[in-house]
Amino acid sequence: MPERTQRRWHTRPKFIESQFIRPADDFLVYCNVCLFRAIPNISLLAGSVVRRTEELGENIVLQIREKARNLLWYSLALDESNDLSSTSQLLVFIRGVNLDFQITEELASVCSIHGTTPGKDIFMEVQKTLQDYSLQWNQLRGVTVDGGKNMAGVRKGLVGQIRTQLEDLQNLGALFIHCIIHQQALCGKDLDISCVLKPVVSAVNFIRGHALNHRQFQGFLEEIDSGFCDLPYHTAVRWLSCGKLLFRFYNLRNEIDVFLTEKDRADPQLSDPTWLSKLSFLVDITSHMNELNLKLQGKDNHVCDLYRIIKGFRRKLSLFEAQLERESFSHFHCFKEFCATIAVDVNLDFPKKID
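What comes next concerns the included structure. (Residues numbered from 1 in each chain as written. Predicted model: local features only at pLDDT ≥ 70, side-chain atom pairs only at ≥ 80, totals over all residues. Heavy atoms only, no water.)

## Let's talk about the pattern of salt bridges
- All told, the structure shown has four salt bridges when counted by the stated rule.
- The salt bridge involving Glu66 is made with Arg69; its shortest N-O contact spans 2.7 Å. Taken together, the residues Glu66 and Arg69, both in helix H2 (residues 46-69) and three residues apart, mark about one turn of the helix.
- Residue Glu66 is classed as partly exposed on the basis of its relative accessible area, which comes to 45%. (Salt bridge = Lys/Arg side-chain N within 4 Å of Asp/Glu carboxyl O. Helix = DSSP H or I, 4+ residues; strand = E, 2+ residues; numbered from the N terminus. Buried < 20%, exposed > 50% of the residue type's maximum accessible area, 1.4 Å probe, protein only.)

## Describing the nonpolar core
- Counting 29 residues, the largest nonpolar core has Val200, Leu246, Phe249, Ile256 and Leu279 as its most contacted members.
- If you list the elements that add at least two residues to this core, you get helix H7 (194-208), helix H8 (211-223), helix H9 (241-251), helix H10 (253-262), helix H11 (273-296) and helix H13 (333-341).
- Here this core gets seven residues from one element, more than from any other, and that element is H7.
- Once residues lying within four places of it in the same chain are set aside, the contact partners of Ile256 are Ile207, Phe217, Leu231, Phe249 and Leu270.
- Counting residues in hydrophobic clusters, the runner-up holds 28 residues, among them Leu71, Phe123, Val126 and Leu135. (Core = buried A, V, L, I, M, F, W, Y, C linked by side-chain atoms within 4.5 Å. Contact = heavy atoms within 4.5 Å.)

## Structural notes on the sheet that holds strand E5 (residues 175-178)
- The sheet built from five strands is open, its strands ordered E3-E2-E1-E4-E5 with mixed pairing. Whereas interior strands pair on both sides, the edge strands pair on one side only; in this sheet they are strand E3 (103-113) and E5. Across the sheet, the mean angle from the axis of one strand to that of its neighbour is 20°, orientation sign disregarded.
- Where H2 meets the sheet, its contacts fall on strand E1 (71-82) and E3, and the angle it forms with E3 comes to roughly 125°.
- Relative to the sheet, helix H5 (residues 158-168) contacts E1, strand E4 (140-145) and E5, its axis offset from that of E4 by approximately 170°. (Pairing = 2+ DSSP bridges. Axes fitted to C-alpha atoms, helices over the stretch in contact; angles between N-to-C directions.)

## Remarks on the side chain of Asn150
- Turning to its location among the elements, Asn150 is positioned in helix H4 (residues 149-152).
- Looking at Asn150, the relative accessible area reads 17%, which means it is buried.
- At 3.3 Å, the side chain of Asn150 forms a polar contact with the side chain of Glu80. (Polar contact = N/O pair within 3.5 Å; in protein donor to acceptor, adjacent residues only side chain to side chain.)

## A short note on unusual backbone geometry
- If you check the backbone angles, Phe101 has positive phi at about 60° while not being a glycine.
- By the secondary structure assignment, Phe101 is in the loop between strand E2 (88-98) and E3.
- For Gln170, which is not glycine, the phi torsion reads 60° and is therefore positive.
- Among the secondary structure elements, Gln170 is positioned in the loop between H5 and E5.

Structure below.
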């Protein structure tokens, strides 16, 4: 290599360091110092925090309104469920496209309904949301709802109310879709796992339902340096709750058995290989279902993408069925691991029956 080229090769990093890296480091240090000095002046009073949170929320709404004003077509996704105080909460998501083919997907509003929740009342809340964002019914091209009667009813439900409104405006091109994620969750409920889930929930409620038991169990896990620090509750309205609970319970089964025995609440099923094999198999099944559910969630997913994911999962189920017939458990890691750790033969009727 010529001497001039070598000299240029060796001097270039020094130029980059002096012209880019050092000024960038100095700038970051300056910003950190300014931020550190400003922290003590930030008010943490409850009123100030509430006011700033409200200002942030108002700013977000203004941004969404500005985007919604330029939408050419839009679609709605609606979900209605009750919170812990038994108040109905209606979520309204808007997804639309403007003339530049820029897609906007935002949570438009969360409407609290304290009275009755028939389709007519829900329709009024949706109409208020559309008026707030200056959206017209004749721009609507799609509606996605959950499977509740007050939402999906074709006469008195929300779908029926919207169809009537669109027919009056001669807008007959809108599509009405039952949410694919809700359909997947409903199909998952058809799987009867009560023989495993009920004992698990009972043990978890005994540990988590009493403050003393909960503290002692957490201390016990910390004392033995367990990889987990607690047990989660099972919440039926959370789609991923069952799978997470079974996975954590399976990994803490020995610790739970010891703790319940010390509390004179020993459960013989925790030492029964047949029941534990069912538990391990359902851990694998629910993990596959949770994986599917997560793939269906998220922004910027199109219907064709969701259809492809569902179609692929159905083929995966056919593969599982064929593997279970051959007693091959390559896709059931917990069940395979459990069968390898016990000396007795495991009854394989339950996995085939579940499938």
